[in-house]
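Examining the three-dimensional arrangement
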Amino acid sequence: MDKTTIRGKKEVLRFSWITALCLTGDSMLYIVLPLYWKEAGLDSLVQVGILLSVNRLVRLPLNPIVSRIYRHISLRQGMLAAVVLAILTTASYGFIHTFPLWIAARCVWGLAWSLLRLGAYYAILELCRDRNEGRLFGLYNGHYRLGSLVGMLLGGALAEMLGLRTLAWLLGAATVCGVPFLLRGLRIDDVQKKSVRLAEASVPIPQQRSGTAAFMTVLKTKDVSWLLAAALGSAMIYEGMLTSTLSNYAETRQASMTVLGFTLGGAFIAGGLQALRWGWGPFLSPFIGSLSDRQFNKARLLTWTMGAAAALLFLFPLPLPMWGWIAVAVGLLMTSTCTTTLMDALAGSVSGTLSMHDRRTVMTAYSVTLDVGAALGPAVSFWVVQHAGYPAVYWGAAAMWLGLCCCFFVAKPFAKQ
C-alpha cells in the first residue's frame, strides 16, 4: 500500500470520526425524545414524529445550496462549519422548550448534516486513486454510523438517570472535546489544491453553468439515471421502510425470546438488530468495498445483493420460528450495509470520466435522491400498513427490488464499473 493510499485512508477515517461525533446528539433523540417529550416542552407524540423527520425534509432543498457553497469554501472550512452547527444544535436540545424552537434546531441540524455528508463525498472523490472508491466509501460508511450506535446506547442507558437536557449537554461537550483533534489533522485542502492545479494544467477551465444546466448535463451521462433509480429504491426500502417499521413489526408479531431466564421483547430485539447493523459496519463495509474494487464488477455484486434482499424481504413477514425470523432479519440488514457501500462506490466511479464540478453534481443529485427515498419510505410504508397490513409492505418492497434487479441483469448498466 503506497503513501498516497495510506494518506487517503487516514483522511477518510478522520472524516468518518468527525461525522460520528456530530451524529451522537441526533441519534440520541430517536431513543429519548419519544419517551421524554413532555420534558422537552412538546404537546404530543405527533410533534415528536415531525421533529424526527423535518431534518430529512429540509435537506431536499438544502443539498443543492450546500453544493454551491462548497464552490466558494474549502472542504475543511465546510466541515468546520458543520461541526459548529452540530455542537450548537446538540447543546440546544438541553434548553429549548417550545415546538417552533425545536423545529428551528432540527432544520439547523439538517444543514449541518448536508455539509458533513456532501463534504465527505467530495473529499472521497478527491482522494480516490486507482479505482479504490469502494474501499474509501466502505471505510466512511462503516465508521461514521458508530456515532448512531453510541448515541442510541447512551440515550437508552443514561436518559432516565440524567434526563434529556443533561444528556444533550454531555454529548455536546464530548463533541467539543473530540472534534478539534480530528480537524487539526485534516490535510484534504492540500489534496484539493493539488487536484485543481493538475486539472488547470491539463484542460481549459470549463464555462460555469447554472445548477439546473449542470444537473441536466450529468443526467444525460451514461448510467447516471440508473444510479439515481437504484438510490431511490435503496433509500425507500432500507432507510425508510425497514428502519421505520422494524420495531413496530417485531411488536406486532409478538417477537420475543428468552436468554438466561430473561424474556426479551420485540422492541429490545429490534434495537439489538439495529445496533448489530452498526456494529459490524467497520468490518463489513470496507470488506465489501475492497471486494468491489479488486475482485468483482460493482454492478454485478449489487445485482446479486438486490436478488438476495428481494428473497429475504419475501421471507420476512412469513410465520417463521423466532430464530429463523431473526436470521432473516440479520441477513436483510447485512444486505443493507452491502448495498449502501456498493451504491456509494458506484456513485463515485460512474462520474470518474467527468470534470470535478460535474462529479460533484452527480454526488449532489445522488444525495438528494437518497433523502427523497428516506423521506418517502416511512410515509408510504405506514400508509400501506394501514390499508393492507405488514406483509404487503415487505412483499411490495421485494417486488420492487426484484424488478430493479431484473432490469440491471438485462440492461447491464455500469458495465465497466
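Residues numbered from 1 in each chain as written. Predicted model: local features only at pLDDT ≥ 70, side-chain atom pairs only at ≥ 80, totals over all residues. Heavy atoms only, no water.

Per an unreviewed UniProt entry, the protein chain carries the name MFS transporter and comes from Paenibacillus oleatilyticus. The annotation that UniProt attaches to the protein chain under Subcellular location (unreviewed entry) is "Cell membrane". (UniProt positions renumbered as here; feature names shortened; annotations may be inferred.)

Helices and strands together make up the secondary structure of the protein chain, namely 15 helices and 2 strands. Across the 417 residues of the protein chain, 54% fall into the buried class. Within the protein chain, counting contacts between residues at least 6 apart in sequence, those at least 24 apart form 83% of the total. If you sum the accessible surface of the protein chain, you get close to 18400 Å²; carbon and sulfur atoms cover 69% of it. (Helix = DSSP H or I, 4+ residues; strand = E, 2+ residues; numbered from the N terminus. Buried < 20%, exposed > 50% of the residue type's maximum accessible area, 1.4 Å probe, protein only. Contact = heavy atoms within 4.5 Å. Areas by Shrake-Rupley, 256 points an atom, 1.4 Å probe, with all protein chains shown as cover.)

Okay, the nonpolar core next. Judged by nonpolar contacts, the single largest core of 113 residues is most densely connected at Leu33, Trp102 and Tyr366. Looking at this core element by element, the count peaks at 15 residues for helix 4 (residues 99-127). (Core = buried A, V, L, I, M, F, W, Y, C linked by side-chain atoms within 4.5 Å.)

The next point concerns the packing of helix 3 (residues 75-92) against helix 4. One way to put it is that helix 3 packs onto helix 4 with a least axis distance of 8 Å and a crossing angle of 150°. By the angle between their axes, helix 3 is roughly antiparallel relative to helix 4. In this structure, helix 3 meets helix 4 at a crossing whose hand is left-handed. For the pair helix 3 and helix 4, contact is made by Leu75, Gly78, Met79, Ala81, Ala82, Leu85, Ala86, Thr89 and Ser92 and by Ala105, Val108, Trp109, Leu111, Ala112, Leu115, Leu116, Gly119, Tyr122, Ala123 and Glu126, respectively. For the contact of helix 3 with helix 4, a count of residues per class yields 15 nonpolar, 4 polar and 1 charged. (Axes fitted to C-alpha atoms, helices over the stretch in contact; angles between N-to-C directions. Parallel < 35°, antiparallel > 145°, perpendicular 65-115°, else oblique. Left-handed = near helix turned anticlockwise from the far one by under 90°. Nonpolar A, V, L, I, M, F, W, Y, C, P; charged D, E, K, R; others polar.)

The next subject is the pattern of salt bridges. In this structure the tally under the stated criterion is 7 salt bridges. A salt bridge links Asp371 to Arg59; its shortest N-O distance comes to 2.9 Å. Highlighted residues: Asp371 in helix 14 (residues 356-388) and Arg59 in helix 2 (residues 45-69), separated in sequence by 312 residues. Notably, a salt bridge pairs Asp371 with Arg117, separated by 2.9 Å at the nearest N-O pair. Of this pair, Asp371 sits in helix 14 while Arg117 sits in helix 4, and the two are 254 residues apart along the sequence. Each member of the pair, Asp371 as well as Arg117, is classed as buried. (Salt bridge = Lys/Arg side-chain N within 4 Å of Asp/Glu carboxyl O.)

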